[in-house]
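Residues per chain are reported as follows:
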Amino acid sequence: MSDTAPLFQPAPPPPRARSRRLGTSALGLLAAAVLAIGINMVADRVLTRARIDLTSQRLYTLSDGTRQVLGGLTDPVTLRLFYSKRLGAEIPMYGAYADRVREMLAEYVSLSNGKVKLEVFDPEPFSETEDRAMAYGLQGVPVDQSGEQVYFGLAGTNLVDDEKTVAFFQPDRERFLEYDLTRLVYDLSNPRRPTIGVMTALPLNGDPRAMMMRQPQLGQPAVVMNQLRQFFTVKDVPLDAQVIEADVQVLVVAHPQGLSEAAQYAIDQFVMRGGKLMVLTDPHSESQASRPGPTGQPPAETASSLERLLNAWGVEAPSDKVVLDLRGAWRVRAGPQDRVQAVDYVAWYNLQADSLNRADVALAQLEQITVASAGELRKKEGSTVEFTPLLTTSPQSMVVDAARVRQDPSPTRLLADFHADNTRHVIAARLRGQLPTAFPDGPPAVSEGQERPADFPAHLARTEGAANIVLVNDTDILEDRFWVRVQDFFGQQVATPISGNGALVTNWSIPSAVRMR
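Owing to the predicted nature of the structure, the values given are computational and were not obtained by experimental measurement.

## Digging into the pattern of salt bridges
Pairing is possible between side chains of opposite charge, provided their charged atoms come close. Considering all chains together, one arrives at 20 salt bridges under this definition. Among the ionic pairs, R183 bridges to D187, the shortest N-O distance being 3.9 Å. Of the two residues, R183 and D187 both sit in helix α6 (residues 177-189), four residues apart, roughly one turn of that helix. R183 sits in the partly exposed class, given a relative accessible area of 28%. The exposure class assigned to D187 is partly exposed, which follows from its relative accessible area of 25%. One salt-bridge network, held together by shared partners, links R80, K117 and E119.

Here is the structure:
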C-alpha cells in the first residue's frame, strides 16, 4: 500500500448505474435546450412589441394619449425618415438623436395595428433619394466647407397624397418629439379638419356697425379668427346656447359677459364630456373700451368672468384687479399736461423670457406675448386640480384695482405710484385633472319661452377623464393692435405678427391628447 494513498476509496459504480446517470444528464441537457428554444420562439411571437424603458426620464415610453391615437387610426400613413449617416458621423449628438427618433418611430409602427408604415433612407449627394427629400421640402444643411448637404427630416403621406413634414429634427425641440410625431400622424390619418367652437361677446368676426360708424376697418374679422380658419373649421356658438354641439372638439370662450346659467351649464357639461376648453376672461377689455357701445359711448362695463365654473374647478380669476408689470412695459405718448413726451405704460406689457413656460408645447417656440390690463389667476386653497402657470409676470409687478385703468387711465400716474411687490403673478394657466360639475343639482331651469333641445345630453357629475383647460385672464391677446401689424398691400391686407398671441391660440387649439413630459 502506498503511503500517499487514502485509507478508504469509494468502490467504482457498477456499469449499469454509470450508464443510467449519463443518460439522465443527457436528457436534462436536452430538456433545457428544448425549453430555451421554446421560450425564444414564444418571445419572438408574443413579446416582439415588449420593451423595457430604463431611461431616467422614460424617453421611450409613449404617453397614453399617443397610444390612443395610434390604436384608433382610421387610414394608413406612410412615414419616410431621411437621415444622412454622415451627419451622425460628423456630429455624434445628431447620431444619438437619430437613434431615438428611429426607436420612437418603430414604436409607432408597432402600436398602430398595421396602420403606420416606416421607410428609412440615407440621401447620398446627387442621388435620386436626395432629390426625393428635396421634393418633400426637407431641409438640407452643410456640415463642412465642401457644401455637401445632409438631411434629418421626416415626410408623411396618406391615401389621398396629403403631405406633412418635419423639415429637420432640431435637438432643442427633442422634449416635444412625441407631440410633433403624434400630431403629424393624427393629421394625416384624419384629413378632415377639426372643429373649433367660438363663443364670445367681442366682435371677433367684424363689427356689423362698422359702416354706420364710418369705420370700415372695424368690419374686418380679427386676424386671429382668419388664422384659426386656415387650420380648422370654425363654428360660432351663440351666447345663449343650451348645448355645445357634438362635433365641436375645442371650445374657445372669450369675454363671457352676462352668460345665462343655461349657457354656463352648456360649457360645464362640454368639459364633463371630455371637450377641450380655452377661457379668456378680463378685468378690463381694452378692445371693448375702444369701441362705442349701443348708445354711441364706450360701454361702462368692460369686465368679464366665469366665476361659478372656475370656482367649482378650483381656480380664482378676480375681475376687479389688474396686474401691472414694469418689465416689458409699452412706451406710450404721455398726456398733453405732462412734461415728458413718452412714458412706460405698466398696464400694457410684453411677457418674455422666463415669463413664458416653454416647457408647454403651445409656448415652446414663441418669443413674447403681449397683454393689456390683464388680471391674475390663483389656485384655490385646498384645490387638487393640477395648476400649471403658462404666462407669469416678472417680479417687477404689482396688483391694483381695475378702476385705475377703467376710468381715465393715466400712464404717468400709474408709473409714479408703481411699487413692485416682488411677486410673479400668473396671467395664464393650464388645468388638468378630474373636475366636478359646477351644477351638482343638475341643469338649471330653462328661461320662460324656451324649451330644451330634443337631444339634450344626460347630466354628468364629473369629467369622464382628465380635463384639459387653458385659462387666460386677458382677452386683449386677441386684439389685432397688441400682436399684429396689418398693412394694405396692393389692395390686400397683409398681417405681420409682432408678438406670438395668435400662435398661442392656434397652438393650443390643436386637438392632441399627448401630454408632454
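## Focus on the confidence of the model for the protein chain
Per-residue confidence for the protein chain gives a mean pLDDT of 83, with 78% of residues at or over 70. Low pLDDT (under 50) marks residues 488-494, which in the prediction has eight contacts with non-local residues, meaning those over four places away or in another chain. For residues 511-517, every residue scores under 50 in pLDDT, and the model assigns this stretch 27 contacts once sequence neighbours within four places are set aside.

## Some words on the packing of aromatic side chains
Under the criterion given, the structure shown has 15 aromatic pairs. Ring pairs connect the aromatic residues Y83, Y94, Y97, F152, F168 and F169, which therefore count as one cluster. Sitting above the plane of the F439 ring, R308 keeps its charged end 3.8 Å from the centroid. Directly above the aromatic system of F456 lies the positively charged group of R452, at a separation of 4.9 Å from the ring centroid.

## Let's talk about the side chain of E119
Inspection of the secondary structure assignment puts E119 in strand β2 (residues 116-121). In terms of polar contacts, E119 uses its side chain to reach the side chain of R80, at 3.2 Å. Filtering out sequence-adjacent residues up to four positions away, E119 remains in contact with T78, L79, R80 and L81.

## Some words on the sheet that holds strand β12 (residues 329-333)
The strand order β12-β13-β14 describes an open sheet built from three strands, whose pairing is antiparallel. Every interior strand has two partners, whereas the edge strands, β12 and β14 (368-372), have only one. Along the sheet, successive strands turn relative to each other by an average axial angle of 40 degrees, direction set aside. Where β12 and strand β13 (residues 342-352) come together, five bridges link them in antiparallel fashion. When the bridges of β13 are listed, R333 appears paired with A342.

## A few points about the packing of helix α2 (residues 64-71) against helix α4 (residues 92-111)
Contact geometry for α2 and α4: axes closest at 9 Å, N-to-C directions at 50 degrees. Between α2 and α4, the interaxial angle falls into the category oblique. The two elements α2 and α4 cross, and the hand of that crossing is right-handed. In this structure, α2 uses T66, R67, L70 and G71 to contact α4, whose residues at the interface are E107, Y108 and L111. A breakdown of the residues in the contact of α2 with α4 according to their chemical character gives three nonpolar, two polar and two charged.

## So, the environment of W330
Along the chain, W330 falls in strand β12. Classification of W330 as partly exposed rests on a relative accessible area of 22%. For the pair W330 and T370, spaced 40 residues apart in the sequence, the C-alpha separation amounts to 9.4 Å. Sequence-distant contacts of W330, defined by excluding residues within four places in its chain, comprise V343, D344, Y345, W348, Y349, N350, T370, R481 and F482. Among the polar contacts listed, one links the side chain of W330 to the side chain of N350, at a separation of 2.9 Å.

Calculation rules
- Residues numbered from 1 in each chain as written.
- Predicted model: local features only at pLDDT ≥ 70, side-chain atom pairs only at ≥ 80, totals over all residues.
- Heavy atoms only, no water.
- Salt bridge = Lys/Arg side-chain N within 4 Å of Asp/Glu carboxyl O.
- Helix = DSSP H or I, 4+ residues; strand = E, 2+ residues; numbered from the N terminus.
- Buried < 20%, exposed > 50% of the residue type's maximum accessible area, 1.4 Å probe, protein only.
- pLDDT = per-residue confidence, 0-100.
- Contact = heavy atoms within 4.5 Å.
- Phe/Tyr/Trp six-rings, centres within 6.5 Å; stacked < 30°, edge-to-face > 60°.
- Lys NZ or Arg CZ within 6 Å of the ring centre and 35° of its normal.
- Polar contact = N/O pair within 3.5 Å; in protein donor to acceptor, adjacent residues only side chain to side chain.
- Pairing = 2+ DSSP bridges.
- Axes fitted to C-alpha atoms, helices over the stretch in contact; angles between N-to-C directions.
- Parallel < 35°, antiparallel > 145°, perpendicular 65-115°, else oblique.
- Left-handed = near helix turned anticlockwise from the far one by under 90°.
- Nonpolar A, V, L, I, M, F, W, Y, C, P; charged D, E, K, R; others polar.

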